[in-house]
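Structural characterization, general
Listed here are the chains, written in short residue letters.
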Amino acid sequence: MKLLIRWLITVAALVAAALLIPGIRVEDTSAWIAFGVMAAILALINAIIRPILAFLSCGCIVATMGLFMFVINAITLWLSSWIAINWLGIGFYIDGFWPALFGGIVVSIVSFVLSLILVDD
């Protein structure tokens, strides 16, 4: 049940990012399916690739006092969008690095707030 709630939180965070950030858009006939698939892809990327990126850039993370994690969030969001578009044909587009950076910040904040409210550990 927790996995489903966390997936729904990620879907809600992606919807918020698409609504708030001008460079993030969904061009698909079934937008909810696009958000759901994108949330699943983002979860896989965060589970597999994000720890590798964090390990490889630990010097940058320490030097910037953790702010480089925003860049890692942007890269994982951008990579998830690229996989959704090119491999699965899902129309979740991010127009560049800056929309990915701001989208990553929005996704992080919304996910954090909703996790505080909904997930009971």
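Structural notes, computed from the coordinates. Source: prediction; values computed, not measured.

Cut-offs applied
- Residues numbered from 1 in each chain as written.
- Predicted model: local features only at pLDDT ≥ 70, side-chain atom pairs only at ≥ 80, totals over all residues.
- Heavy atoms only, no water.
- Patch = residues over 30% accessible without salt bridge, like charges linked within 9 Å, V, L, I, M, F, W, Y side chains within 5 Å.
- Areas by Shrake-Rupley, 256 points an atom, 1.4 Å probe, with all protein chains shown as cover.
- Salt bridge = Lys/Arg side-chain N within 4 Å of Asp/Glu carboxyl O.
- Helix = DSSP H or I, 4+ residues; strand = E, 2+ residues; numbered from the N terminus.
- Buried < 20%, exposed > 50% of the residue type's maximum accessible area, 1.4 Å probe, protein only.
- Expected span 1.5 Å × (residues − 1).
- Contact = heavy atoms within 4.5 Å.
- Core = buried A, V, L, I, M, F, W, Y, C linked by side-chain atoms within 4.5 Å.

Comments concerning a nonpolar patch on the surface
A grouping of Ile-109, Phe-112, Val-113, Leu-116, Ile-117 and Leu-118 is seen on the molecular surface, where their side chains present a nonpolar patch of about 630 Å² in accessible area. With respect to the element layout, Leu-118 can be found in helix α5 (residues 97-118). Judged by relative accessible area, Leu-118 falls into the partly exposed class, the value being 48%.

As for helix α4 (residues 68-86)
The terminal C-alpha atoms of α4 lie 27 Å apart, and with 19 residues this matches the ideal 27 Å at 1.5 Å per residue to within 8%. The set of residues buried in α4 consists of Ile-72, Asn-73, Ala-74, Thr-76, Leu-77, Ser-80, Ser-81, Ile-83 and Ala-84. Summarising the contacts, the buried residues of α4 are in contact with α1 (2-20), α2 (31-56), α3 (58-63), β2 (92-94) and α5.

Description of the nonpolar core
If you look at the biggest cluster of nonpolar residues, it comprises 27 residues, and the most contacted ones within it are Leu-14, Ile-24, Phe-35 and Phe-92. Listed by contribution, the elements that provide at least two residues to this core are α1, α2, α4, β2 and α5. Apart from the residues within four sequence positions on either side, Phe-92 is in contact with Leu-14, Ile-24, Arg-25, Val-26, Phe-35, Met-38, Ser-81 and Ile-85.

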